Amino acid sequence: MPQGHLPAGLASTVRATMTADTMWLADPAVWEAGVPHDRFARLRRDEPVSWHEHPEGLRGFWVLARHADVIAASRDPATFSSRWGVVNLDDLSAEQLDSRRTFLEEDPPRHTAVRGLLEARFTPRAVAAFEAVVRRLAVEVIAPVVAAGGGDVVSAVAEDVPIRLLARLLGVDEAHVDDLVRWGNELLAAPPTDPDGEFAHLPFGSPLSLRVFELADRLADERRVTPTDDATSALVNGRVDGAPLSPEEYRATWLMLVIAGNETTRHAISHGVLALAEHPDQLDRWRADPGLGASAVEEILRVATPISWHRRQVTTDVELGGRVLRAGDKVLLSFTSANRDEAVFADPMRFDVGRRPNPHVTFGRGGPHFCLGAHVARLELKVLFGELVGRIRRVELAGPVRRLRSNHLNGIVELPVSLTA
């Protein structure tokens, strides 16, 4: 990836050659109707590094559509920085960015140091200790749905297991689990606030964040007096460069764990059930060979791609895919497109529970920002689908699938199914 200062005006010349129809990617209505895989296929073929205008008049952005480019940018935080935001396209002020900042919006070495406070709780060995808990939770939600012959997968199954395990990892009492689900849903659905208003400094720019902060602060006070072996205690009592996290960084990070740890796995579960409904032959194949569980989970993660993209910002002029990206430009790493790249995945639109190899980028794949909760998500999917596939012969849609109105989260809000045991 050659770097260096490029002649002034060259980037604008390149952008002028872009196709006019580039405003669709940021439009949540497009995604609510269904993932625009056909448009991404065209980008991979014709414009793998493409310039897109923002439909609301904000600064435009580049999109990396190919698997190789997404991985290359993920592994180069010096050129593609996270400090200007990762999960939104807004043009936030430095004050807003700092007040919302978590280790997700940091580059090494700060990112590595803060992440290090939590990593011991998310290693394969640490996560494996929760398998019995996850299995009990999975049986508790799956058995009644199977007995009833179906229901809404989101509310009856997908919404419950991830958040209850996350509560254990954070040390949250069971009495507050339903609160975490409700707050997460409300924050993601909250309309944008005045960018210069009194709540602009809060995550999501929403006063709803304050409810989460109240619980986070109460737990922090308890952990300072009585440390425990959970992620909250690690954040509160840990030190980075000899100092504790600031109250703002602790709160924002705690909220980020609540959202990321719940929403992503929840949507992967829903998409996995939808895939089995749409591909009954793959359900039969999995039932006949339970040993396919590991590869089936990876395939669910690939086709689901719950996080559609992550944002980066270019720190120095760089040429990529025949395009010139200038310092200060926004860049979207399209995990959705990379996971359907024909150069990497044979017949990428096919759901194949035995697909090997499967180098999907759902968790980021390499680089410092590889998903902290990857082992948790894999455990939940392995156990939950193992229980489900072992109990049913068929899953069929029993009504319309309602999708989340978001260009960032590939989510399902409602998935009614009928189940045949």
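Note that the structure is predicted; figures quoted are calculated from it, not measured.

Novice: Can you lay out the packing of aromatic side chains for me, pointing to particular residues and giving the numbers?
Specialist: Counting across every chain of the model gives five aromatic pairs. Judged by centre distance (5.3 Å) and plane angle (80°), the ring pair of Trp24 and Phe40 falls under edge-to-face. Of the two residues, Trp24 is situated in the loop between helix H1 (10–16) and helix H2 (28–33) and Phe40 in helix H3 (residues 37–46); the sequence distance between them amounts to 16 residues. Judged by relative accessible area, which is 5%, Trp24 ranks as buried. What makes Phe40 buried here is its relative accessible area of 2%. Taking 6.0 Å as the distance between ring centres and 20° as the angle between the ring planes, the aromatic pair formed by Trp286 and Phe385 counts as stacked. Of the two residues, Trp286 sits in helix H15 (residues 280–288) while Phe385 sits in helix H18 (residues 374–389), which places them 99 residues apart along the sequence. The pair formed by Trp286 and Phe385 is uniform in burial state, with each residue classed as buried. Among the aromatic side chains, those forming a connected cluster through ring pairs are Trp24, Trp31 and Phe40. Taking NZ or CZ as reference, Arg302 lies 5.2 Å from the ring centre of Phe345, over its face.

Novice: Any details on the pairing of strand S2 (residues 61–64)? Residues and values, ideally.
Specialist: Here S2 shows two buried faces, one formed by Phe61 and Val63 and the other by Trp62 and Leu64. The sheet contact formed by strand S1 (residues 49–52) and S2 spans four bridges and is antiparallel. What sits directly across from Ser50, in S2, is Val63.

Novice: Now, about the sheet that holds S2: what can you tell me, with residues and values included?
Specialist: The strand order S1-S2-S8-S5-S3 describes an open sheet built from five strands, whose pairing is mixed. Both outer strands of the open sheet, S1 and strand S3 (80–81), are each paired with one neighbouring strand and no more. Strands S1, S2, S3 and strand S8 (330–334) of the sheet are contacted by helix H4 (residues 67–74), whose axis makes an angle of about 125° with S8.

Reading the values: the criteria
Residues numbered from 1 in each chain as written. Predicted model: local features only at pLDDT ≥ 70, side-chain atom pairs only at ≥ 80, totals over all residues. Heavy atoms only, no water. Phe/Tyr/Trp six-rings, centres within 6.5 Å; stacked < 30°, edge-to-face > 60°. Helix = DSSP H or I, 4+ residues; strand = E, 2+ residues; numbered from the N terminus. Buried < 20%, exposed > 50% of the residue type's maximum accessible area, 1.4 Å probe, protein only. Lys NZ or Arg CZ within 6 Å of the ring centre and 35° of its normal. Pairing = 2+ DSSP bridges. Contact = heavy atoms within 4.5 Å. Axes fitted to C-alpha atoms, helices over the stretch in contact; angles between N-to-C directions.

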